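Architecture and fold: a report
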Amino acid sequence: MKTITITRPDDWHLHVRNGAILKTVMPHTAKQFARAIIMPNLKPPVTSVAQALIYREEILQAVPAGLDFMPLMTLYLTGSTSADEIKMAAASEHVHAFKLYPAGATTNSDSGVADIKSIYPLLAALEKHDIPLLIHGEVTDEACDIFDRERVFIDKYLNDIICNFPELRIVVEHVTTTEAVDFVKACGNTVAATITPQHLLFNRNAILAGGIKPHYYCLPILKRESHRLALVKAASSGNPKFFLGTDSAPHLSDLKENACGCAGCYSAHAALELYAEAFEQGDALHKLEGFASFHGADFYRLPRNSGTVTLEKASWKVPSTYGENNLSITPLKANEELSWKLKLD
Ligand code: DOR
Ligand code: ZN
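Because the structure is a prediction, the values reported are computed rather than measured.

**Re the overall build of the chain**
For the chain, the count of helices and strands is 12 helices and 11 strands. Against the globule reference of 20 Å for 345 residues, the chain gives a C-alpha radius of gyration of 19 Å, in line with a compact fold. When its C-alpha atoms are laid out on the principal axes, the chain stretches across 55 × 45 × 40 Å. The buried share of the chain, taken over its 345 residues, is 60%. For the chain, long-range pairs separated by at least 24 residues make up 74% of all intrachain contacts whose partners lie at least 6 apart in sequence. With 33 positive and 39 negative side-chain charges, the chain shows a separation of 3 Å between the mean positions of the two kinds.

**Side note on the site of ligand 1**
Contacts to ligand 1 come from 14 residues, most closely from Arg-17, Asn-41, Thr-106, Leu-219 and His-251. Within the backbone of Leu-219, a nitrogen or oxygen atom sits 2.8 Å from a nitrogen atom of ligand 1. His-251 has a polar side-chain atom sitting 2.8 Å from an oxygen atom of ligand 1. When isolated, ligand 1 has an accessible area of 290 Å², and the protein chains bury 100% of it.

**Section: the coordination of the zinc ion (ligand 2)**
Taken together, the protein donors to the zinc ion (ligand 2) comprise His-13 (NE2), His-15 (NE2) and Asp-247 (OD), at separations of 2.0 to 2.1 Å. Each donor residue of the zinc ion (ligand 2) lies on one chain, and together they are spaced H-x1-H-x231-D. Comparing His-13 with His-15 shows no difference in burial state: the two are buried.

**A few points about the pattern of salt bridges**
Overall, the coordinates contain 12 salt bridges when judged by the stated rule. Salt-bridge contacts for Asp-130 lead to Arg-169; the nearest nitrogen and oxygen are separated by 3.4 Å. Taken together, the residues Asp-130 in the loop between helix H4 (120-129) and strand S6 (133-135) and Arg-169 in the loop between helix H5 (149-164) and strand S7 (170-172) connect sequence positions 39 residues apart. A salt bridge links Lys-313 to Glu-280; the nearest nitrogen and oxygen atoms lie 2.7 Å apart. Taken together, the residues Lys-313 in strand S10 (residues 308-317) and Glu-280 in helix H11 (residues 271-281) connect sequence positions 33 residues apart. Judged by its relative accessible area of 29%, Lys-313 falls in the partly exposed class.

**Quick look at helix H9 (residues 225-235)**
Of all the residues in H9, the buried ones are His-227, Arg-228, Ala-230, Leu-231, Val-232, Ala-234 and Ala-235. The elements touched by buried residues of H9 are helix H6 (178-186), strand S8 (191-195), helix H7 (197-201), strand S9 (242-244), H11 and helix H12 (288-299).

**Details of the packing of helix H3 (residues 83-91) against H4**
Viewed as axis vectors pointing N to C, H3 and H4 meet at an angle of 25°, and their least axial separation amounts to 10 Å. The orientation of H3 relative to H4 falls into the category roughly parallel. Our pair here, H3 against H4, has a crossing hand that is right-handed. Residues Ala-83, Ile-86, Lys-87 and Ala-90 of H3 form the contact with H4, whose own contacting residues are Leu-122, Ala-125, Leu-126 and His-129. Of the residues that constitute the contact of H3 with H4, the class distribution is six nonpolar, one polar and one charged.

**A few points about the nonpolar core**
Leu-123 and Leu-133 are the most contacted members of the largest nonpolar core, which totals 102 residues. Examining the composition of this core, we find that seven residues originate from one element, H11, more than from any other. Non-local contacts of Leu-133, meaning those with residues more than four positions away in its chain, are made with Leu-77, Phe-98, Leu-100, Leu-123, Leu-126, Leu-168, Arg-169, Ile-170 and Val-171. Among the nonpolar cores identified, the runner-up in size contains 15 residues, and Met-39, Leu-72, Ala-192 and Phe-299 belong to it.

The rules behind the values
- Residues numbered from 1 in each chain as written.
- Chains lettered and ligands numbered in written order.
- Predicted model: local features only at pLDDT ≥ 70, side-chain atom pairs only at ≥ 80, totals over all residues.
- Heavy atoms only, no water.
- Helix = DSSP H or I, 4+ residues; strand = E, 2+ residues; numbered from the N terminus.
- Rg over C-alpha atoms; globule rule 2.2 N^0.38 Å.
- Buried < 20%, exposed > 50% of the residue type's maximum accessible area, 1.4 Å probe, protein only.
- Contact = heavy atoms within 4.5 Å.
- Lys, Arg positive; Asp, Glu negative; His and termini not counted.
- Charge placed at Lys NZ, Arg CZ, Asp CG, Glu CD.
- Near = heavy atom within 4 Å.
- Polar contact = N/O pair within 3.5 Å; in protein donor to acceptor, adjacent residues only side chain to side chain.
- Areas by Shrake-Rupley, 256 points an atom, 1.4 Å probe, with all protein chains shown as cover.
- Donors = N, O, S within 2.8 Å, 3.2 Å for Na, K, Ca; no water.
- Salt bridge = Lys/Arg side-chain N within 4 Å of Asp/Glu carboxyl O.
- Axes fitted to C-alpha atoms, helices over the stretch in contact; angles between N-to-C directions.
- Parallel < 35°, antiparallel > 145°, perpendicular 65-115°, else oblique.
- Left-handed = near helix turned anticlockwise from the far one by under 90°.
- Nonpolar A, V, L, I, M, F, W, Y, C, P; charged D, E, K, R; others polar.
- Core = buried A, V, L, I, M, F, W, Y, C linked by side-chain atoms within 4.5 Å.

Coordinates in, geometry out; function isn't part of it.
What follows is the structure in structure tokens.
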């Protein structure tokens, strides 16, 4: 049987929520990954080191016995974040980054930043304390076409941030466009990007052709095919600026299958399998290990993992849902066959 063995990977962009959903989703990620950067967009958001440490304990409680998984915590940057909190975060062994959400850009982003220039003093503090800034790079301007929001954010804000804070390490999260790939490539090595499995595997037809498919709706929204191809090329190029970040974002099925469905694709159940499929289609399976297991750790200046995971070429059917009846989460590729399977020892 065809197999591929790689160093244990990490997920550099993950939502696990809290409460009952956390218990459903955490085993999936802990089986696949050694570590994950945990997004702070809870209700209320995780804005302090003290909150992050409590959330970290809740996550560890949800990791099944016998699995060894380390949550890497992040704090939600707001207009009221203090320079002291940034200093404490930088000193904490458990907090690894701050996340910048433009206010209103996505799920639970109401506490995000409305005026990006106004937080420049905070970006200066992040730069000084050498703690990475993770950016949801989309403008929120209602007049801006939803398919252009990432490109416009780069022109309007990212260029300026990078010029003003040349030493600040920045991850442009979940890049979705040719323009974002070109931008990240052109920056110095302080700037990197994560790429999700859905943006490597699907274009916008997946959401809109043949009926509206809410489980493919995420933000930034899937783009046209030429952008998907640019993402596959970047992810499989071996360039260390690009690394794995699933943005797996569980929502209850009925909140997605809704007249105003929320944004997010759930991919933690089969993250590596989905990436393997995308890399195989791009004839680049040999580049999966760098993308999944090395580039992110190097950027965050964390040790690479020891140990390996093996994927085998074996098809299996993704269940229609995960979780109890009243807590059902519909995974990406629900009821469909996947061609790779994570081998559990
Ligand atoms: O689709 C998304 N879902 N994009 C985000 O930026 C947030 C995420 C979520 O938290 O549901
Ligand atoms: Zn996210």
